[in-house]
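Below are the chains, spelled out letter by letter.
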Amino acid sequence: MNGRNVVLGVTGSIAAYKAVALASALVKAGALVDVVMTGAAQRFVTPLSFQAITHRPVVTDLWAGGEDLEIGHVTLGRRADVVVIAPATADTIARLAHGLAGDALGTTVLATDAPIIVAPAMEPRMWSNAATVANVAILRQRGILVLEPDVGRLASGYKGRGRMPEPDAIFDVVSGVLARGVSLRGRIVVVTAGGTREPIDPVRFIGNHSSGKMGIALAEAARDRGASVILVHGALSVQVPAGVDARPVGTTREMADAIHAAVEGADALIMAAAPADFRVARAADQKIKRGAGSMSLELVANPDILASLASWPGVKIGFAAETTDLIANARSKVAAKRVHMIVANDVTAEGSGFGADTNEVAFIFADGRVEPRPLETKRAVADAILDVVASALQQPVEPSTP
Ligand code: PMT
């Protein structure tokens, strides 16, 4: 971030104190941080706190220095490489949605062409209020990256979604946007991760070894490129990243329903999850006893989620977890599932597949091209997949016909 211009907008929430930690992390990383505070923000934290950390004047009033400063505020927005508003109150989000420019922050935002990142903080009911939902949708449509707030205990004592994402998570988003640009700005990307679980009885299930690491890497990478990310996930052994809209599910049929809802209006779907292909025909209501020592289960096929989205017009990327004939098997899935690309994954290779931090894959495109990749981190695989998604969204590729 050395020498990059970051404008940090701070608005009137108790989470404003966390913005001091964010400013500090940005300064330590070499960014030139200009803080713009609303009047309400100054009731929680003093401008002096930010000035002491950034060694730069803090902008608090559109009119403070007469006409010259007003022009200065336009300059601030114009020279910004990124604008981050953290915390952003419901009131600020509404003002941004309506393009109001009655204060220094509104003026700065309207005057910038830089990527804008918004980290909301508010009471859960305010976040889920229809007015806020509509305002957030407007901002996202305009390409503003609105991070999903965290779930947890709020200052009021209520629990729910509304906490500002932690400063280190916002820092990661800012640094990702500065490093890689915002090739997915304004796009909605649905990512799936983890394994589904099919109940046998109330205490047992059929599952698989997916840790969710591959899907989580994809969700983070898409978020860092400016996409709004919906993460539909089964069981995970890693944490859900900050700023994404996480939708947990249990079974494959629940995952199918959640994906069908999520892809409405979305631009891309990347299926890294491992949904169980079969479920128990009749799961028991009570715990099954050991009994005579053997038992059999009747299994029935679950829906093929990717194949069921054949007519969905977005960019579809599937994975293929294979143990033999990697390329041939993965190729057949390109056609069967009507996707733009299959990421062929030899899950028996050393350091690859389930649970590993690294992965060795080959990209199989709908036009027949095969692009083998080296063993690399799951984040590197994710970035390469998102390069494909970004270019497919610019020049839509026809999915293969069955
Ligand atoms: O989670 P990790 O520990 O990081 O491991 C990563 C991974 C090995 C799970 C991941 O890289 C991977 O390969 N995911 C796909 C697993 C899988 O279900 O593969 P498949 O070949 O059975 O399915 C092919 C594609 O169809 C997949 O995109 C899958 O998500 C999808 N599918 C599968 C079953 C089903 N009923 N509906 C589907 O849409």
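Above this note sits the structure.
Student: Break down the site of the ligand for me, citing the residues and quoting the values.
Tutor: Around the ligand sit 28 residues in total, of which S210, S211, K333, N345 and G355 are the nearest. Within the side chain of S211, an N or O atom sits 2.6 Å from an oxygen atom of the ligand. Between an oxygen atom of the ligand and a side-chain N or O atom of K337, the distance comes to 2.9 Å. The fraction of the free accessible surface of the ligand (770 Å²) that becomes covered by protein chains is 96%. Only α9 (213-224), α11 (305-308), β16 (315-322) and α12 (326-337) provide two or more residues apiece to the shell around the ligand. For the shell around the ligand, the leading source of residues is β16, giving 4 residues. Split into classes, the residues belonging to the shell around the ligand amount to 14 nonpolar, 8 polar and 6 charged.

Student: Explain helix α7 (residues 130-141) to me, using residue names and the numbers behind them.
Tutor: Each full turn of the α-helix corresponds to 3.6 residues, which orients residues three or four apart in the same direction. For α7, built from 12 residues, the straight-helix expectation of 16 Å at 1.5 Å per residue is met to within 8% by its first-to-last C-alpha distance of 16 Å. For α7, the set of buried residues is T132, N135, V136, L139 and R140. Taken end-on, α7 shows its buried residues confined to a sector of 140°, consistent with a single buried face. Turned more than 90 degrees from where α7 packs its buried face, A130 and Q141 sit exposed. G143, located one to two residues past α7, shows a positive phi value of around 90°.

Student: So what's going on with the environment of D245? Which residues, and what values?
Tutor: Residue placement: D245 occurs in strand β12 (residues 245-248). Residues contacting D245, with those up to four places away along its chain left out, are E148, V229, I230 and L231.

Calculation rules
Residues numbered from 1 in each chain as written. Predicted model: local features only at pLDDT ≥ 70, side-chain atom pairs only at ≥ 80, totals over all residues. Heavy atoms only, no water. Near = heavy atom within 4 Å. Polar contact = N/O pair within 3.5 Å; in protein donor to acceptor, adjacent residues only side chain to side chain. Areas by Shrake-Rupley, 256 points an atom, 1.4 Å probe, with all protein chains shown as cover. Helix = DSSP H or I, 4+ residues; strand = E, 2+ residues; numbered from the N terminus. Nonpolar A, V, L, I, M, F, W, Y, C, P; charged D, E, K, R; others polar. Expected span 1.5 Å × (residues − 1). Buried < 20%, exposed > 50% of the residue type's maximum accessible area, 1.4 Å probe, protein only. Arc of directions from axis to C-beta. Contact = heavy atoms within 4.5 Å.

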